[in-house]
Structure formats: C-alpha cells, structure tokens
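Letter by letter, the chains look like this.
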Amino acid sequence: MNVLGIRNLNVTFGTEGGPLRALRNVSFDVPRHRIVGVVGESGCGKSTLINAILGLLADNGQVESGQILFEERDLTQMDSLEMQAMRGSRISTVFQDPMGALNPVISVGKQMLHIQYRSDLGRTEKNARSVEMLRRVRIPDPKSALSRYPHEFSGGMKQRIAIAMAMMMEPVLLIADEPTTALDATLEVATIELLQELQAQIGCSVLFISHHLGVIAELCDDVVVMYAGEVVERGTTRQIFHDPLHPYTERLLRCDPAGQSTRTRHLPTIPGEIPDLRDPPKGCIFADRCDRRETICETAPPEVEMGGHRACCHRVKP
C-alpha cells in the first residue's frame, strides 16, 4: 500500500518570458514503511515537487493537472485550512538549513511545545515528550537543552533538533529536503543512521531529496531520477545503481567522485545545458545532451515500462 502517490503531476510558473513548465507528467509512489530517494542535478524540479506536495508553491506557481494522493486523498483538492492541518501532524519536513528551520530568538523547548499545540497533553507531559525526543536524536543532557537557543548548538546538533521536531508528532510521511548538505562527512553518516533508526521506530515513510548519490545509495530503498522536470527513471536502489537504463542515470552515476577508481585532475561531466522549460523539446528531454540519440529521440517523447523498473528512453526495450 502506498502512503503517497504522484500521478501525472504538472506544475507551471508564470514568468515574464511565458509559462515555465517546472514539472511535467511526474509519477511515482512512496510505499508504506519505505524510504524513497529523489535524485537529480540542480534545477531538475526536486524543490518544486516538495512545495507542490506541501501546498507551498509560490504565488506564480500552480498545479495545472495531476494528482497528489496522500492516504488516498488528493492534496491538490484540499483548501488551505485542510493543508495546514495536514502539515506537521501527518506530513512533516526536515529542511537542509536548520538555522532557517529553527527560530533564533525562541528557546528549543518553546519551539518543541509549539509543535505539539494540537495535542491534548498537559505542559508537563509535552516537556517530557520533548526531552525524550531529544534523547532519541542523541542530544546530550536533553532536559537542559530545552532552555537553550539554536545558536548555542553546533550545526550537526541543530539538524538533529530539526529532525526531532519533525518526528515529534510521529508523521505518516517525512519529507527530508537534502538534510545532510551542510554537514561534514562524519555528521552525514551519523544523520543517515539516525534517520534509518527513527524511521524504523516510528514506522513512517520517507521521501528523501538529495543530489548526493552516496547518501541515496546508503539510505533509500527505492530511487526516482529526475531531469529537467521529468522522471526519467525509477526503480529499487539496486536496480538504479547496478543496472541503470537511462543514459542520464548512467552519466550521473559516472560523475560521482566516489566512483572514480584512478586519480585524475578532470572529473567527468555531462556536456550541454538543461533545456529552457518555457519551451521544452518535443521529443526526449535529454536528447540534446545524449551521445546515443537517434532521430526518434528528437521527435517523440519516450515512455517505456519494465515492471517496477521504469526508464523513459527509446533505446530501452521491454
């Protein structure tokens, strides 16, 4: 059973140069109790996808068509009050910048109390719950931490506090928006382990957004690869990393510095630029940058299904 189902989602932003089609026919599922990673280079639509799910698109953005099914309810049909009730209780988010997520002039304890405003528990019970949550994310002396302010914690500890706040109401779905980007390698590993541990304890599903292939490989059960507003491939983590079908996925994996077996001064890159999404190409979105393109790639959009492993490429045969 799926917690989240994205169905042919199209999101457009109004710009001075015309409508910008930021997401086009995006479809994938987040099954219950699984961690799904969304990976792609900057500008592929990851942040737009998150904002569409949370109902937080900018004023010039709109969902043109498609469905965002959360527990079988279409989020695109909910009004602002219904979405507000959903955010924080059923769907929580961890952002990549903990300083942007934490209020610098309010103590950590008060912020954790504010999150529990929907709960019928008394203040004492809420504080005890906050202490327990900080203990679970390994904050030293969690009781005294409630009276401290965000600037009194290190970057890694602030991120763990943000994770604790997101998990406070035991959501059904946690959206993690590149939560390890600002952390060093050691803290990155610790954060991955913490997310895996909390996800297993609470039993929620996780939609993990990242451009870091190593983190995706370590943490996620399934992977969705996005390019220029489209899903170009999706499958299990093993399928994506060991048997990539789409040329973009192959090139993306090849560009990972961790995958280089010999020392080199020049890391692999993908030549070319992302197409102008105000006027996307008629055929394959990756055709201009693909070294295997054929005539059909420039005239017709591909759509290939291979069981659970899907790749939008004319060269992929069922």
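None of these values were measured; they are calculated from a predicted model. (Residues numbered from 1 in each chain as written. Predicted model: local features only at pLDDT ≥ 70, side-chain atom pairs only at ≥ 80, totals over all residues. Heavy atoms only, no water.)

A look at the pattern of salt bridges
Here is step 1 of the chain: Taken as a whole and judged by the stated rule, the model has 13 salt bridges.
Here is step 2 of the chain: The partner of arginine 289 in a salt bridge is glutamate 41, and the shortest N-O contact between them spans 3.5 Å. Here arginine 289, found in the loop between helix 11 (247-254) and strand 11 (305-306), pairs with glutamate 41, found in the loop between strand 3 (35-39) and helix 1 (46-54); they are 248 residues apart in sequence, far enough to count as distant.
Here is step 3 of the chain: Overall, arginine 289 belongs to the buried group, its relative accessible area being 9%.
Here is step 4 of the chain: In this structure glutamate 41 comes out as partly exposed when scored by relative accessible area, which is 22%. (Salt bridge = Lys/Arg side-chain N within 4 Å of Asp/Glu carboxyl O. Helix = DSSP H or I, 4+ residues; strand = E, 2+ residues; numbered from the N terminus. Buried < 20%, exposed > 50% of the residue type's maximum accessible area, 1.4 Å probe, protein only.)

Topic: the packing of aromatic side chains
Here is step 1 of the chain: For the structure shown, the criterion picks out three aromatic pairs.
Here is step 2 of the chain: Here the aromatic rings of tyrosine 227 and phenylalanine 286 are separated by 5.2 Å at their centres, their planes lie at 85°, and the arrangement is edge-to-face. Pair noted here: tyrosine 227 is in strand 9 (residues 222-227) and phenylalanine 286 is in the loop between helix 11 and strand 11, with a separation of 59 residues, a long-range link.
Here is step 3 of the chain: Put simply, the rings of Tyr227, Tyr248 and Phe286 pair up and form one aromatic cluster.
Here is step 4 of the chain: A cation sits over an aromatic face here: arginine 148 above phenylalanine 153, 4.2 Å from the ring centre. (Phe/Tyr/Trp six-rings, centres within 6.5 Å; stacked < 30°, edge-to-face > 60°. Lys NZ or Arg CZ within 6 Å of the ring centre and 35° of its normal.)

Some words on the sheet that holds strand 4 (residues 61-70)
Through backbone hydrogen bonds, the strands of a sheet pair up, either in parallel or in antiparallel fashion.
Here is step 1 of the chain: An order of 2-1-4-5 is seen for the four strands of this open sheet, with the pairing classed as antiparallel. Sheet topology places strand 2 (18-31) and strand 5 (73-74) at the edges, where each strand pairs with a single neighbour.
Here is step 2 of the chain: Pairing analysis gives eight bridges linking strand 1 (residues 2-15) to strand 4, with the strands arranged antiparallel. Within strand 4, the residue paired with phenylalanine 13 across the bridge is glycine 61.
Here is step 3 of the chain: Its contacts with the sheet place helix 1 against strand 1, strand 2 and strand 4, and it is angled at close to 110° to strand 1. (Pairing = 2+ DSSP bridges. Contact = heavy atoms within 4.5 Å. Axes fitted to C-alpha atoms, helices over the stretch in contact; angles between N-to-C directions.)

Notes on the domain arrangement of the protein chain
Here is step 1 of the chain: Here the protein chain is partitioned into domain 1 (32-59 + 78-90 + 171-312) and domain 2 (102-170).
Here is step 2 of the chain: A per-residue breakdown of the area domain 1 buries against domain 2 is headed by Leu194, Leu198 and Ile202, which together make up 33% of the total.
Here is step 3 of the chain: Our enumeration of links across domain 1 and domain 2 arrives at one salt bridge.
Here is step 4 of the chain: Between glutamate 197 and arginine 138 there is a salt bridge; the shortest N-O distance is 2.5 Å.
Here is step 5 of the chain: Taken together, domain 1 and domain 2 are joined by five residue pairs in polar contact (both at pLDDT 80 or more).
Here is step 6 of the chain: Mapped by element, the contributors of at least two residues to the side of domain 1 that touches domain 2 are helix 2 (80-86) and helix 8 (185-202). (Domains from an automatic or database assignment. Buried area = accessible area lost by both parts, 1.4 Å probe. Polar contact = N/O pair within 3.5 Å; in protein donor to acceptor, adjacent residues only side chain to side chain.)

Digging into the layout of surface pockets
Here is step 1 of the chain: Roughly 540 Å³ of volume is contained in the largest pocket.
Here is step 2 of the chain: Looking at the largest pocket, it is lined by 21 residues, and the ones nearest its centre are Gly88, Thr93, Ile115, Met165 and Ala166.
Here is step 3 of the chain: Secondary structure elements with two or more residues in the lining of the largest pocket: strand 6 (91-94), helix 4 (108-115) and helix 7 (155-167).
Here is step 4 of the chain: With four residues, strand 6 is the single largest residue contributor to the lining of the largest pocket.
Here is step 5 of the chain: Among the residues forming the lining of the largest pocket, the class breakdown is 13 nonpolar, six polar and two charged.
Here is step 6 of the chain: In terms of domain composition, the lining of the largest pocket takes at least three residues from each of domain 1 (32-59 + 78-90 + 171-312) and domain 2 (102-170).
Here is step 7 of the chain: Taken as a whole, the second largest pocket encloses approximately 360 Å³ of empty space. (1 Å grid on protein atoms, 1.4 Å probe; cavity = no way out; pocket = protein on both sides within 12 Å on 5 of 7 lines; lining within 4 Å. Points joined across faces, edges and corners; volume = space filled by probe spheres on them. Nonpolar A, V, L, I, M, F, W, Y, C, P; charged D, E, K, R; others polar.)

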